[in-house]
Amino acid sequence: MALAAPDHTDAPAGPAPAVSYALIAVNTLVFLLAPAAGLNPLYGTGQARVCAEQRYEQRWGAIPAEILAGRPLTSEQLAEAPDPVPGCPVAATPGKHPALSVLTGLFLHAGWLHLLGNLLFLHVFGPTVEQRLGRARFALFYLAAGSLATYGFALAEAHSPGSTRVLIGASGAISAVLGAYLRFHPRARVTTLVPLLLFLPLRFPAWLVLGLWFALQWWSVHAAGPGVAYLVHVIGFSAGFLYACTVLGHPPRRPGRRPIPWRQPTKEREQ
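On a predicted model such as this, the values are computed, not experimentally measured, just so you know.

A word on the packing of helix H7 (residues 135-156) against helix H8 (residues 171-184). Running from N to C, H7 and H8 point in directions that differ by 120°, and their axes come no closer than 7 Å. Here H8 runs oblique to H7, going by the angle between their axes. Between H7 and H8 the crossing geometry is right-handed. Of the residues in H8, those in contact with Phe138, Phe141, Tyr142, Ala145, Gly146 and Ala149 of H7 are Gly172, Ala173, Ile174, Ala176, Val177 and Ala180. Looking at side-chain class alone, the contact of H7 with H8 contains 10 nonpolar, 2 polar and no charged residues.

Running from amino to carboxyl end, helix H6 (residues 112-133) crosses H8 at an angle of 45°, the nearest separation of the two axes being 9 Å. Judged on the interaxial angle alone, H8 and H6 are oblique. As for the relative orientation of H6 and H8, their crossing is left-handed in sense. Residues His114, Asn118, Phe121, Leu122, Phe125, Gly126, Thr128, Val129, Arg132 and Leu133 of H6 pack against Ser171, Ile174, Val177, Leu178, Ala180, Tyr181 and Phe184 of H8.

Under the defined criterion, the tally for this structure stands at 2 salt bridges. When the shortest N-O distance is used, the salt bridge between Glu53 and Arg49 registers 3.8 Å. With Glu53 and Arg49 both in helix H2 (residues 46-60), this residue pair falls 4 residues apart, about one helical turn. Exposure remark for Arg49: the relative accessible area of 23% places this residue in the partly exposed category. Between Glu66 and Lys96 there is a salt bridge, with its nearest N and O atoms 2.7 Å apart. Of this pair, Glu66 sits in helix H3 (residues 64-69) while Lys96 sits in the loop between helix H4 (75-79) and helix H5 (98-104); the two residues are 30 residues apart in sequence, bridging distant segments of the chain.

Looking now at empty space enclosed by the protein. All chains considered together, the criterion is met by 2 cavities of 30 Å³ or more. Counted as a void, the largest cavity has a volume near 50 Å³. Lining of the largest cavity is provided by Phe31, Ala34, Pro35, Ala36, Glu53, Tyr56, Glu57, Leu108, His109 and Ile168. It is H2 that provides the largest number of residues to the lining of the largest cavity, a total of 3 residues.

Counted by the stated rule, this structure contains 8 aromatic pairs. Between the aromatic rings of Phe141 and Tyr243, the centroid separation amounts to 5.4 Å while the plane-to-plane angle is 25°, which identifies the pairing as stacked. Of this pair, Phe141 sits in helix H7 while Tyr243 sits in helix H10 (residues 230-247), and the two are 102 residues apart along the sequence. Exposure remark for Phe141: the relative accessible area of 7% places this residue in the buried category. You can call Tyr243 partly exposed: its relative accessible area is 29%. Seen from the ring of Trp60, Arg59 lies directly overhead, with NZ or CZ sitting 4.6 Å from the centre.

What counts as what
- Residues numbered from 1 in each chain as written.
- Predicted model: local features only at pLDDT ≥ 70, side-chain atom pairs only at ≥ 80, totals over all residues.
- Heavy atoms only, no water.
- Axes fitted to C-alpha atoms, helices over the stretch in contact; angles between N-to-C directions.
- Helix = DSSP H or I, 4+ residues; strand = E, 2+ residues; numbered from the N terminus.
- Parallel < 35°, antiparallel > 145°, perpendicular 65-115°, else oblique.
- Left-handed = near helix turned anticlockwise from the far one by under 90°.
- Contact = heavy atoms within 4.5 Å.
- Nonpolar A, V, L, I, M, F, W, Y, C, P; charged D, E, K, R; others polar.
- Salt bridge = Lys/Arg side-chain N within 4 Å of Asp/Glu carboxyl O.
- Buried < 20%, exposed > 50% of the residue type's maximum accessible area, 1.4 Å probe, protein only.
- 1 Å grid on protein atoms, 1.4 Å probe; cavity = no way out; pocket = protein on both sides within 12 Å on 5 of 7 lines; lining within 4 Å.
- Points joined across faces, edges and corners; volume = space filled by probe spheres on them.
- Phe/Tyr/Trp six-rings, centres within 6.5 Å; stacked < 30°, edge-to-face > 60°.
- Lys NZ or Arg CZ within 6 Å of the ring centre and 35° of its normal.

Below, the structure is given as structure tokens:
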């Protein structure tokens, strides 16, 4: 999901970003145990692993048609999904809860590049947004924004062939983190590695880096073919930016500190 690879920012540092690190750890652990990583022997190798990956994503990933209908798709409906995996049988997933898959799908990734690209952005921008919102509110913000982006994509795909395609990845939630960061620290300098310049590290203001990133996602919604749900990025980024607008004007959350009670100053006693 990158226009360029961000390295770090010079926004103010704060308490240890426990939620950001926990999200990175959970996403990594889920991927390592999933068939897409190719490391879990329970899923076999070769074609067996490829078919296991398809079943795994259909079981835990978000499918727009299922989300809107509120029930799992039948085998016949899944067989009509675009871009089927050759040689893999398609079976229904009884017992699946589509509303829950909106959350579980946020922790699935299709491959190493998909995972590492998302976690790079979360590592760079997540701690600063977490510091501004506080740990509990940041966790809720991450999950809520990711779910909102998934539901928005489902509504947009309701009457298209893509409504039966599986949607996985943390991109919607992390895009919301980028949108919030842009609103909180538009002038922070972001050290960026630009591929076209042989990955020479350059420093640009956040409004330029993230603004160009958002413009690329918006353009890709109309220009790119199936494979990457760029609309999820656009919805997530917009939701994060708008939510940050409502937070501005309130003091940052300072975990571990209690406000000092206000007291009226007393007069000094005359000697």
